[in-house]
Amino acid sequence: MKIYYLPLDSSGWKPADQQLMTFISPKRQDKIRKYMQVSSQRLSLYAALTARMGISLLTGIPASELAFQADSGQKPVCISAPDADFNFSHTRSAVLCCVSSKGSVGADIERLRAAPLKIMRRFYHQEETEYVTQGSEQEQSQRFFEIWTKKEAYSKQLGLGLNLSPESYNTLSPELSSCLLTWRQEDYLCSVCGRDLSSIEKIMLTEEDIQEFYLG
């Protein structure tokens, strides 16, 4: 599995961004334009570009020849490379994307902040709640987002999204924890989920890397 992490400047739309829009599908372009904030537009754009780049590097298929399908409520797939699965997540100035040829994958990233601990009784398994509350006051927020990103990555790997009740499964169980990897990256908690975590490569990207790949 290749894991890409991209910190993103959210100061404003740049000339290169408009050029990069031509490398994604019209459907994705429409989705990007619907975001009210420029920072969200850039996150969505660079997440799509990172996924396309990752699949191209994995399969050898030129990025411009990749076609995607995203049915409502379903996990997006690359129909040009059916053996390659991908998933991405973005939040406040950072993108996380994973690509694999060894089964389905899921990814989630969240910025560390004061955690809304009260919602755990609605969304967390009892063992997960106990794990969070047993930490020190300083540890609880990080543990909260550790569990949150794990649950998101797992549900996205399955492609079930909101159809899977989050409180019904325990990401700390041996069965699920074996397919989950979580780490802190700067001010973010990151999690990926996949069947094969034995060969993982984490790749740090910059905006310039994306621009160089597409624009030369």
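Everything below is about the structure printed above this text.
As the structure is a computational prediction, the values presented were derived from the model and not from experiment.

**Focus on the pattern of salt bridges**
Argument step 1. Counting across every chain of the model gives 13 salt bridges.
Argument step 2. Among the salt bridges present, the one from D17 reaches R42, with a minimum N-O distance of 2.6 Å. Separated by 25 residues along the polypeptide, D17 in helix α1 (residues 15-20) and R42 in helix α3 (residues 38-59) bring together distant segments of the chain. In this pair, the class of D17 matches that of R42, namely buried.
Argument step 3. Where E128 meets K151, a salt bridge forms, and the shortest distance between an N and an O atom there is 2.7 Å. Separated by 23 residues along the polypeptide, E128 in helix α5 (residues 126-133) and K151 in helix α6 (residues 137-158) bring together distant segments of the chain.

**A few points about the state of the cysteines**
Argument step 1. In this structure the tally under the stated criterion is 0 disulfides.
Argument step 2. Here C190 stays unpaired: no disulfide links it, and the sulfur of C98, its closest cysteine neighbor, is 11 Å away.

**Structural notes on the sheet that holds strand β6 (residues 105-111)**
Argument step 1. The strand order β6-β8-β7 describes an open sheet built from 3 strands, whose pairing is antiparallel. Sheet topology places β6 and β7 (180-185) at the edges, where each strand pairs with a single neighbour. Direction aside, the axes of adjacent strands within the sheet are offset by 15 degrees on average.
Argument step 2. Note that β7 and strand β8 (residues 188-194) share 6 bridges and pair antiparallel. Residue pairing across strands places T182 opposite S191, the latter belonging to β8.
Argument step 3. Running over the sheet, α6 touches β6, β7 and β8 and is turned about 150 degrees from β6.

**Re the environment of L176**
Argument step 1. Tracing the chain through its elements places L176 in helix α7 (residues 174-177).
Argument step 2. Sequence separation between L176 and K151 is 25 residues, and the spatial gap between their C-alpha atoms is 9.8 Å.
Argument step 3. Once residues within four sequence positions are removed from consideration, L176 is found in contact with Y154, Y169, N170 and T171.

What counts and how
Residues numbered from 1 in each chain as written. Predicted model: local features only at pLDDT ≥ 70, side-chain atom pairs only at ≥ 80, totals over all residues. Heavy atoms only, no water. Salt bridge = Lys/Arg side-chain N within 4 Å of Asp/Glu carboxyl O. Helix = DSSP H or I, 4+ residues; strand = E, 2+ residues; numbered from the N terminus. Buried < 20%, exposed > 50% of the residue type's maximum accessible area, 1.4 Å probe, protein only. Disulfide = S-S within 2.5 Å. Pairing = 2+ DSSP bridges. Axes fitted to C-alpha atoms, helices over the stretch in contact; angles between N-to-C directions. Contact = heavy atoms within 4.5 Å.

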